[in-house]
Amino acid sequence: MDADAAGDGERVSAAADAFAPLADGGQPGWYRDAVVYSLDVKTFQDSDGDGWGDFRGLIDRLDYLENLGVDCLWIRPFYPSPLRDNGYDVADYRDVDERLGSLNAFDDLVAELDARGMRLITDLVLNHTSTEHEWFQRAREDPDSKYHDYYLWTSHVDEAYHTENIFPEFEDGVWSYDEVAGKHYFHQFYGHQPDLNVANSDVQEELFSIAEFWLERGVDGFRIDAAHPMILPKGHNAHRLEDPQWLFRELKRRAREVNDEAVLLAEADDEPDRLDFYFGDGEGFDALFNFVGNSHVTYGVGVGDSWPLYRMFEQIPDAQPDGHVWWANFLRNHDEWNLLKLPHDALEHAREEFRKGGDGRDSWVFGRGHRLRLADLYDGDHDRIAMAHSLLLSLPGTPIVNSGDEIGMHADLDRPERQAVRTPMRWDGAEPNAGFSTADPEELVIPVDGTGWPGVFQADAASQRGDPGSLFERVASAIDARKRCPEIARGDCSIVHVDSGDMWAHRFDHDGRVLLAVHNLASGPREVVAGFDVDPADAERVLGDADYRVADGGVTVTLDGCAYLWLRGERRGDGGR
Ligand code: TEU
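Taking an unreviewed UniProt entry as the reference, the protein chain is identified by name as Maltose alpha-D-glucosyltransferase/ alpha-amylase belonging to Halobaculum gomorrense.

With that out of the way, let us pick up the packing of helix 14 (residues 382-394) against helix 15 (residues 471-484). Axis separation between helix 14 and helix 15 bottoms out at 9 Å; the angle between their running directions is 15 degrees. With respect to their mutual orientation, helix 14 and helix 15 come out roughly parallel. Both helix 14 and helix 15 take part in a crossing whose hand is right-handed. On helix 15, the residues that touch His382, Asp383, Ile385, Ala386, His389, Ser390 and Leu393 of helix 14 are Leu471, Arg474, Val475, Ala478, Ile479 and Arg482.

Within the structure shown, the criterion is met by 41 aromatic pairs. Geometrically, the ring pair formed by Trp30 and Tyr31 is edge-to-face, given 6.3 Å between the ring centres and 90 degrees between the ring planes. Using a relative accessible area of 5% as the deciding quantity, one classes Tyr31 as buried. Pairing Phe313 with Trp504 gives two aromatic rings, centres 5.8 Å apart and planes at 5 degrees, and the pair type is stacked. Residue Phe313 is located in helix 11 (residues 307-315), and its partner Trp504 is located in strand 18 (residues 503-510); the two are separated by 191 residues in the primary sequence. By way of ring pairs, the aromatic residues Phe55, Phe78, Tyr79, Tyr93, Phe106, Trp135, Tyr147, Tyr150, Phe213 and Trp214 are connected into one cluster. Positioned over the ring face of Trp427 is Arg61, at 3.9 Å from the centre of the ring. One residue, Arg119, lies across the ring of Trp30, its end atom 4.3 Å from the ring centre.

Taken in spatial order, the 5 strands make up an open sheet running 17-18-19-24-21, and their pairing is antiparallel. The outermost strands of the open sheet, each flanked by one partner alone, are strand 17 (492-495) and strand 21 (540-543). Here the average twist between neighbouring strands, direction ignored, is 25 degrees. Bridging between strand 19 (residues 513-520) and strand 24 (residues 564-570) involves 7 bridges; their strand directions are antiparallel. Residue pairing for strand 24: Leu516 is matched across the bridge by Leu567.

Attention now moves to the site of the ligand. Taken together, 16 residues form the shell around the ligand, and within it Asp85, Asp225, Asp269, Asp335 and Arg418 come nearest. At 3.4 Å, a side-chain N or O of Arg368 approaches an oxygen atom of the ligand. A distance of 2.7 Å is found between an oxygen atom of the ligand and a side-chain nitrogen or oxygen belonging to Arg418. Against a free-state accessible area of 510 Å², the protein chains account for coverage of 93% of the ligand.

Attention now moves to the domain arrangement of the protein chain. Domain boundaries in the protein chain define domain 1 (30-127 + 201-479), domain 2 (134-186) and domain 3 (491-571). Between the C-alpha centres of domain 1 and domain 2 the distance comes to 29 Å. If you look at the interface, domain 1 gives 18 residues, while domain 2 gives 19 residues. On the domain 1 side of the interface with domain 2, the three residues burying the most area are Glu206, His236 and Phe366, jointly 38% of the side's total.

The rules behind each value
- Residues numbered from 1 in each chain as written.
- Predicted model: local features only at pLDDT ≥ 70, side-chain atom pairs only at ≥ 80, totals over all residues.
- Heavy atoms only, no water.
- Axes fitted to C-alpha atoms, helices over the stretch in contact; angles between N-to-C directions.
- Helix = DSSP H or I, 4+ residues; strand = E, 2+ residues; numbered from the N terminus.
- Parallel < 35°, antiparallel > 145°, perpendicular 65-115°, else oblique.
- Left-handed = near helix turned anticlockwise from the far one by under 90°.
- Contact = heavy atoms within 4.5 Å.
- Phe/Tyr/Trp six-rings, centres within 6.5 Å; stacked < 30°, edge-to-face > 60°.
- Buried < 20%, exposed > 50% of the residue type's maximum accessible area, 1.4 Å probe, protein only.
- Lys NZ or Arg CZ within 6 Å of the ring centre and 35° of its normal.
- Pairing = 2+ DSSP bridges.
- Near = heavy atom within 4 Å.
- Polar contact = N/O pair within 3.5 Å; in protein donor to acceptor, adjacent residues only side chain to side chain.
- Areas by Shrake-Rupley, 256 points an atom, 1.4 Å probe, with all protein chains shown as cover.
- Domains from an automatic or database assignment.
- Buried area = accessible area lost by both parts, 1.4 Å probe.

Here is the structure:
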């Protein structure tokens, strides 16, 4: 991205224009305007008192989500599973775990979302299954069955390809011995998650038809889990797919045949210079999770410094309003806050600066990140969390709000591993189990955390809704602002230089109009001057309550600590800034 470059509101759309409507009035680019909310059905709302969140409970809480303003849900795996990796260990791709509901309840969710004009994205775990999946059971029992070749085996583990396991604290490597097969099988994740042999055309066909199954049930797209490990070398001979992009292209082609608005969001945490690959020139993934952005933005806001934001924009290809590059931005997700994309010094700094724990508990895991929520990273400072969300919602790409972060929920380090950041939603602190479930606390899928950190309080939704100064309402206002600013998805983004390392400003130019967003990353008040070539009389406040004065092609903004301001207006004819 050009720092301070003049925008070009009249850009002509390229052939790949994601916003060009379909003949039937549909909109394949809908995901670019969407605000996504990521949640886990089993920890969101229990409707029947068994201690497990379920689809009915989620349906009962849709008013809350509509009120927040999100219009697309990404739900994490809900398939039958032994739940040894929170459901990313799938035992059956075509069903719903009975503790969470049924296919009928799933269909009801789709219908309810449709009625509200909301979309649904589900998680597809295509890199591996659970060892409890029928394919693996048949594979291990019969080396002659076609299922044997669904996985990757070796009888000579000493001579086999070895690489790092993704969970180094728990797994010695990528091969585990299976007693029944009498051989070792390959797994990049936990030992109970054997990698699928994605080079096998029978496996490919299974995966495509699973996608079709869910699209036919009405989902709008998928988060493709572990898209990077999927195409890494696998098995005894470190086999690589001849044309890895074909897999993504074909998945998209098959998906679009069922639903021509279907989107594929890839979780591809690859090196920055390899990210463009996953878009396949517009024929591959529609958007990639912005892991570079996640580490840099969350860190930059946490330390009150803008250099990580500059660095993020330098590292990744620019989002293209009329091209194939698009980002799914997030501040935190349901895994550890992965810092591997930060420069070494910053990673070391972040490891110590944000570390929490004591009494044998430690937030640092897998040698790469903190199992902490946003509220822990920012010491429960709701002003900073609100500002981070304003920034998230104003960045080029599709914003993803992580369930619970909109009310400032804290992690529970008494829980093992990443469960710390996956405790049930806290609806109302005055109710048993904070309103998540009426079950005996012993029966809960994951205990509700009621403690929070010393000196900070554990938040709930009830005490915030309707209070304009609350975190929930401020996040909702930022979502509303995003919805009123289509130029974020359609405009050309550029960084606006400001004379202060703890301030950040960027703008979008679209259709002759300018949207400027200024964020004060510091805890104390700041005044900045930023280029803003809009007539003073025409400047419109979109979000934030900071004072500003527009004059002479610039705007002077006075912001309290952690304050933000979005301003827009028609660009002046002289183009001066
Ligand atoms: O994570 C997959 C994944 O590749 C990364 O999160 C990885 O841990 C990190 O980037 C290492 O660089 C997904 C899910 O989000 C996670 O919860 C699952 O455990 C994992 O897949 C296995 O399915």
